[in-house]
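# Structure at a glance
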Amino acid sequence: MTLGFSTSCFYPQCNVEDAVDILGRLGAPVIEVFLNAPSEHTASFGRELARRAADYGTAIHSVHPLGTQFEPQLFSPQARQCRDAEASFCRVLEAARAMGARSYVMHGLANLKNRMPMPLHFPAIGQRLDALAGIAAQFGITLCIENVFWCFYHQPDFPARLAKHMQHPEQLSFVLDTKQALLSGHAPLDYLAGMGRLSHVHLCDVGRGGPLMPGRGTLDFAALFKKVSALNPNAPCLVEVYRSNFAAPDDLARCRDRLLSIAACCRKEEHP
């Protein structure tokens, strides 16, 4: 199992390029880049992040823009709004290609009006995701949908329902977010069971007080790692916590070491 981090762990304390340096110094083999601002959606910025990551031998696996900046508008019925959002989407894809990323992480449609359950028109969503996945593929990037409790992928059966309305569901992949699964009221393993094409995993724990560092809450990481390994042994597991969850970067390093120890025990059980 490859274990890394998301630069979002340091949001909003520092800029993304500085977060890349911090994680590189921690020895992260792989990271996800969380883009915070439209000025970062450029190929030149992507090349700068790629240069910094390479200085530490760190690979950039995925890009995750702040989705509320334009992603809900990608599904808008208003043509100009949708067209402008698509231009933003392509700029992020260009930056992702420049930094050597493989995947684009999407939240997608947001439940902005707080209607529960969120009404979903799968024929329209499937048609739009077919188009967006095709655009991403032109940049050499896989479009990945992340489970988020306040967005359209909030129920474990979303991939199965969506696939019925896509011409090319094989172009789409998925990201498991353990915190978002728990906040949705479901076990993370319930989401994994329906994902099939798993890109990677965001690791965060949850307790009575909300999100916590992995290993500080209720999540069974041994069971999770076994399931991830069975589904896609090449899927990186990336620690993605809030800045308020830890005091200093060394806390992230200690968290990584704990998780790697759990993963090693899982391998011993599977191959005694």
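Below: a short report on this structure. Just so it is clear, the structure is predicted and the values come from calculations on it, not from any experiment. (Residues numbered from 1 in each chain as written. Predicted model: local features only at pLDDT ≥ 70, side-chain atom pairs only at ≥ 80, totals over all residues. Heavy atoms only, no water.)

### Thoughts on unusual backbone geometry
The phi torsion of most residues other than glycine is negative, and most of the peptide bonds are trans. With an omega of 5°, the peptide bond running from Tyr11 to Pro12 counts as cis. Examined against the element boundaries, Pro12 turns out to sit in the loop between strand 1 (3-6) and helix 1 (16-25). (Helix = DSSP H or I, 4+ residues; strand = E, 2+ residues; numbered from the N terminus.)

### Structural notes on the packing of aromatic side chains
For any pair of aromatic rings, the description consists of the separation of the ring centres together with the inter-plane angle of the planes. Taken as a whole, this structure holds 10 aromatic pairs when the rule is applied. Geometrically, the ring pair formed by Phe10 and Phe246 is edge-to-face, given 5.6 Å between the ring centres and 85° between the ring planes. Taken together, the positions of Phe10 in the loop between strand 1 and helix 1 and Phe246 in the loop between strand 10 (237-239) and helix 9 (249-270) put the pair 236 residues apart, joining distant regions of the chain. Note on accessibility: Phe10 and Phe246 belong to one class, buried. Over the ring of Phe246 we find Arg243, and its NZ or CZ is 4.3 Å from the ring centre. (Phe/Tyr/Trp six-rings, centres within 6.5 Å; stacked < 30°, edge-to-face > 60°. Buried < 20%, exposed > 50% of the residue type's maximum accessible area, 1.4 Å probe, protein only. Lys NZ or Arg CZ within 6 Å of the ring centre and 35° of its normal.)

### As for the pattern of salt bridges
A side chain of one charge can pair with a side chain of the opposite charge if their charged atoms are brought near each other. Summed over the entire model, instances satisfying the criterion amount to 10 salt bridges. The salt bridge partner of Lys179 is Asp177, with a shortest N-O separation of 3.6 Å. Lys179 gets classed as buried once you look at its relative accessible area, which sits at 3%. Classification of Asp177 by relative accessible area gives buried; the value is 1%. One network of salt bridges, with partners in common, ties together Asp18, Asp21, Glu48, Arg51, Arg52 and Asp55. (Salt bridge = Lys/Arg side-chain N within 4 Å of Asp/Glu carboxyl O.)

### Comments concerning a nonpolar patch on the surface
A contiguous nonpolar surface patch, about 250 Å² in accessible area, is contributed by Phe149, Trp150 and Leu183. Within the fold, Phe149 resides in the loop between strand 5 (142-146) and helix 5 (158-163). (Patch = residues over 30% accessible without salt bridge, like charges linked within 9 Å, V, L, I, M, F, W, Y side chains within 5 Å. Areas by Shrake-Rupley, 256 points an atom, 1.4 Å probe, with all protein chains shown as cover.)

### Comments concerning the side chain of Thr58
Among the structural elements, Thr58 can be located in the loop between helix 2 (43-55) and strand 3 (59-65). Here the side chain of Thr58 touches Ala28 through a polar contact of 2.7 Å, landing on its backbone oxygen. The residues contacting Thr58, other than those within four sequence positions of it, are Gly24, Ala28, Pro29, Val30, Ile31 and Ala53. (Polar contact = N/O pair within 3.5 Å; in protein donor to acceptor, adjacent residues only side chain to side chain. Contact = heavy atoms within 4.5 Å.)

### Observations regarding helix 8 (residues 221-231)
Along helix 8, the residues classified as buried are Phe221, Leu224, Phe225 and Val228. Burial along helix 8 is one-sided: seen end-on, the buried residues are contained in an arc of 95°. Where helix 8 begins, one side-chain oxygen reaches toward the backbone nitrogen of Ala222, 3.2 Å away; that side chain belongs to Asp220. (Arc of directions from axis to C-beta.)

### Focus: the packing of helix 1 against helix 2
In contact at an axis separation of 9 Å, helix 1 and helix 2 are set at 15° when each is read in the N-to-C sense. Taken together, helix 1 and helix 2 sit at an angle that is classed as roughly parallel. Considering only the axes of helix 1 and helix 2, their crossing is right-handed. Packed against helix 1, whose contacting residues are Val16, Glu17, Asp18, Val20 and Asp21, the element helix 2 presents Phe45, Leu49, Arg52 and Ala53 at the interface. Considered class by class, the residues forming the contact of helix 1 with helix 2 number five nonpolar, no polar and four charged. (Axes fitted to C-alpha atoms, helices over the stretch in contact; angles between N-to-C directions. Parallel < 35°, antiparallel > 145°, perpendicular 65-115°, else oblique. Left-handed = near helix turned anticlockwise from the far one by under 90°. Nonpolar A, V, L, I, M, F, W, Y, C, P; charged D, E, K, R; others polar.)

### Topic: the sheet that holds strand 1
Read around the barrel, eight strands follow the order 1-2-3-4-5-6-7-10 and close on themselves; strand pairing throughout is parallel. Strand-to-strand twist across the sheet, computed as the mean angle between neighbouring axes with direction ignored, equals 30°. Sheet analysis places strand 7 (residues 198-203) next to strand 10, joined by three bridges and oriented parallel. Considered in strand 10, the bridge of His202 is made with Leu238. Packed on one face of the sheet, helix 9 meets strand 1, strand 7 and strand 10 and runs near 145° to strand 1. (Pairing = 2+ DSSP bridges.)

### As for the state of the cysteines
Under the criterion given, the structure shown has zero disulfides. Sulfur of Cys9: no disulfide; nearest cysteine sulfur belongs to Cys204 and is 8.6 Å away. The class for Cys9 is buried, based on a relative accessible area of 0%. (Disulfide = S-S within 2.5 Å.)

### Quick word on helix 2
Here helix 2 spans 18 Å end to end across 13 residues, near enough to the 18 Å set by a 1.5 Å rise per residue. Listing the buried residues of helix 2 in full gives Ala43, Phe45, Gly46, Leu49, Arg52 and Ala53. Residues of helix 2 that are buried sit in contact with helix 1, strand 2 (30-35), strand 3 and helix 3 (79-98). Looking at the residues trailing helix 2, positive phi occurs at Gly57, about 75°. (Expected span 1.5 Å × (residues − 1).)

Keep in mind these values describe shape, not function.
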